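Coordinate analysis (summary)
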Amino acid sequence: MNRTRLNAVLRIRQIQERSARGHVAMSRNVHRQAVAAEARTWQMLDDRAAAAAVGSVDRLLAERALVSAGMLAAETQEIVTVDAAERVDVAVSVWTLAARRVEGLERLAQRNVELEREDADRRVANEIDDLVLVGFAGRAS
């Protein structure tokens, strides 16, 4: 693979890796928000249970309905939190693959530079050898 094409592919892979890294960050942020929302809901339910003072049957039924609704909301938020955690795992896997691709291409580019340098050194050494041989042949004749 020539240097120009390799550099173009490397730039594309680096952009893909940055995009995947950004997706990981967004996924982690969504997960943090879901965890915080779920924790707030559970905390509100705990606070409500501690402050509950029931004076009548109607008040007891209203309190029970409120707690049931809160439990349903907390369970729904738990599903969202688990889903967000799974999305983080997927995003991290995609980013890891993209980062490995970039790393492989960077190693290939470095190896190509080393090969080009070795080839240039070899050409210089061959030119020096040729000059020495021409000089030696001129003196021998």
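Computed from a prediction, not measured in an experiment: that's the story for all the values here.

Below, the discussion takes up the overall build of the protein chain. A tally of helices and strands in the protein chain yields 2 helices and 0 strands. In the protein chain, which comprises 141 residues, the share counted as buried stands at 16%. Sequence-distant contacts, at least 24 apart, represent 86% of the contacts inside the protein chain between residues at least 6 apart. Counting every atom, the protein chain has about 10700 Å² of accessible surface; 59% of that belongs to carbon and sulfur. Here the protein chain contributes 21 positive and 21 negative side-chain charges, whose respective centroids are spaced 5 Å apart.

Another point: the nonpolar core. Residues Leu6, Leu10, Val102, Leu105 and Ala109 constitute the largest nonpolar core, which totals 5 residues. Only helix H1 (3-51) and helix H2 (57-140) provide two or more residues apiece to this core. If you tally residues by element for this core, the top one is H2, at 3 residues.

Attention now goes to a nonpolar patch on the surface. On the surface, a nonpolar cluster with roughly 260 Å² of combined accessible area is contributed by Val124, Ile128 and Val132. Take valine 124: it is sitting in helix H2. Judged by relative accessible area, valine 124 falls into the partly exposed class, the value being 45%.

Pairing between side chains becomes possible if they bear opposite charge and their charged atoms approach one another. Overall, the coordinates contain 6 salt bridges when judged by the stated rule. The shortest N-O distance in the salt bridge between aspartate 83 and arginine 87 comes to 2.9 Å. Of the two residues, aspartate 83 and arginine 87 are both situated in helix H2; the distance of 4 residues between them amounts to about one turn of the helix.

Structurally, isoleucine 12 can be placed in helix H1. In sequence terms isoleucine 12 and valine 102 are 90 residues apart; their C-alpha atoms lie 9.1 Å from each other.

The next point concerns the side chain of threonine 41. Within the fold, threonine 41 resides in helix H1. Overall, the relative accessible area of 12% leaves threonine 41 in the buried class. Excluding residues within four positions of it along the chain, threonine 41 makes contact with Gly70, Ala73, Ala74 and Gln77.

The next thing to look at is the environment of valine 88. Tracing the backbone through its elements, the reader meets valine 88 in helix H2. For valine 88, a relative accessible area of 11% puts it in the buried group.

Looking at where alanine 74 falls in the secondary structure, it is placed in helix H2. Put simply, alanine 74 and tryptophan 42 are 32 residues apart on the chain and 6.4 Å apart in space, counted from C-alpha to C-alpha. Ignoring sequence-local partners within four residues, the contact set of alanine 74 consists of Glu38, Thr41, Trp42 and Leu45.

Definitions and cut-offs
Residues numbered from 1 in each chain as written. Predicted model: local features only at pLDDT ≥ 70, side-chain atom pairs only at ≥ 80, totals over all residues. Heavy atoms only, no water. Helix = DSSP H or I, 4+ residues; strand = E, 2+ residues; numbered from the N terminus. Buried < 20%, exposed > 50% of the residue type's maximum accessible area, 1.4 Å probe, protein only. Contact = heavy atoms within 4.5 Å. Areas by Shrake-Rupley, 256 points an atom, 1.4 Å probe, with all protein chains shown as cover. Lys, Arg positive; Asp, Glu negative; His and termini not counted. Charge placed at Lys NZ, Arg CZ, Asp CG, Glu CD. Core = buried A, V, L, I, M, F, W, Y, C linked by side-chain atoms within 4.5 Å. Patch = residues over 30% accessible without salt bridge, like charges linked within 9 Å, V, L, I, M, F, W, Y side chains within 5 Å. Salt bridge = Lys/Arg side-chain N within 4 Å of Asp/Glu carboxyl O.

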